[in-house]
Amino acid sequence: MNDSQPSPNTVEAALAPGQEAPVGRYRLELSTGRWAWSDEVFVMHGFQPGEVVPTTELVLAHKHPEDRERVDHVMRKANATGRPFSSVHRIQDAQGTTRTLTVTGQATRDPKTGEVTEIRGYFIDVTEASREDAAQQATSFIKASSESRATIEQAKGVLMVAFGIEDAAAFDRLRTASNDLNIPVRDLAGWLMSWFTDSSNTEMPTADEVADFLTAPVPSAGD
């Protein structure tokens, strides 16, 4: 695997049952440049929770030198356009250890001006999965995860980011689609995650694209 371009399949590998990939939340206020990290994000960067004040400069400083320019471009584009995004890249934590992270984000706009005011989303540590041949095991991971509660939680996370909604609302949306389609929730969640983590997807799907998928989902390979 080319280390400078981590495979998107590492995401589904990390989120498969038994992997227990750390997941943390973040929020960035664009007007102040103020970041808010959950405890997990501090740990991913090699710090104790609350040990440092997260800033954009700190975030970029920890990106791997070969990935820093690409990540900066993704962040600037998200801030300017407000489009949802995802990025798989490496960081170097406070102890100098290289980790591979997936970052997803969703913009919040001012209802009066339409300007992007905030970006929020998730950091997922996929370091362990990136060390494996994720491409070979992708199909088995998808099938296994579709049988578990973990996939439902992952699918809820996708809906929370895509629609800017909370946990309960995301599950209600998934359950409503399941009822309308007469498809078990775990199967629909598995299909959604298979589509979301497909290596041909280079950007975070838009809310409309996710809504269209929930209306006419594409079954996972082998189903």
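Refer to the structure presented above.
Residues numbered from 1 in each chain as written. Predicted model: local features only at pLDDT ≥ 70, side-chain atom pairs only at ≥ 80, totals over all residues. Heavy atoms only, no water.

## Re the pattern of salt bridges
Under the criterion given, the structure shown has 11 salt bridges. In this structure, the salt-bridge partner of R70 is D67, at a minimum N-O distance of 3.6 Å. Here R70 and its partner D67 are both found in helix α4 (residues 65-81), 3 residues apart, which amounts to about one turn of the helix. Looking at R70, the relative accessible area reads 25%, which means it is partly exposed. Relative accessible area serves as the criterion here: at 0%, D67 is assigned to the buried category. (Salt bridge = Lys/Arg side-chain N within 4 Å of Asp/Glu carboxyl O. Helix = DSSP H or I, 4+ residues; strand = E, 2+ residues; numbered from the N terminus. Buried < 20%, exposed > 50% of the residue type's maximum accessible area, 1.4 Å probe, protein only.)

## Notes on helix α8 (residues 167-181)
The end-to-end C-alpha distance of α8, which contains 15 residues, comes to 21 Å, matching closely the 21 Å that a straight helix rising 1.5 Å per residue would cover. Inspection of α8 places A170, L174, A177 and S178 among the buried residues, and these make up the whole buried set. Across the axial projection of α8, the buried residues extend over an arc of 105°, all falling on one side. Exposed and oriented more than 90 degrees from the buried face of α8 are A168, N179 and D180. (Expected span 1.5 Å × (residues − 1). Arc of directions from axis to C-beta.)

## Quick look at the side chain of S178
With respect to the helices, strands and loops of the structure, S178 is situated in helix α8. Overall, S178 belongs to the buried group, its relative accessible area being 5%. Side-chain polar atoms of S178 contact the backbone nitrogen of V185, separated by 3.4 Å. With near-sequence residues (within four places) excluded, S178 lies in contact with I183, P184, V185 and L188. (Polar contact = N/O pair within 3.5 Å; in protein donor to acceptor, adjacent residues only side chain to side chain. Contact = heavy atoms within 4.5 Å.)

## Remarks on the sheet that holds strand β5 (residues 116-125)
Reading across the sheet, the 5 strands line up as β2-β1-β5-β4-β3 and stay open at both edges, with antiparallel pairing between neighbours. Looking at strand neighbours, the two that pair on one side only are β2 (34-37) and β3 (85-92), the edges of this open sheet. Pairs of neighbouring strands in the sheet enclose a mean axial angle of 25°, with direction left out of account. When β3 meets strand β4 (residues 98-109), the two strands line up antiparallel, connected through 8 bridges. Along β4, the bridge assignment pairs S87 with V103. Contacts from α4 reach β2, β3, β4 and β5, with the element oriented near 145° to β3. (Pairing = 2+ DSSP bridges. Axes fitted to C-alpha atoms, helices over the stretch in contact; angles between N-to-C directions.)

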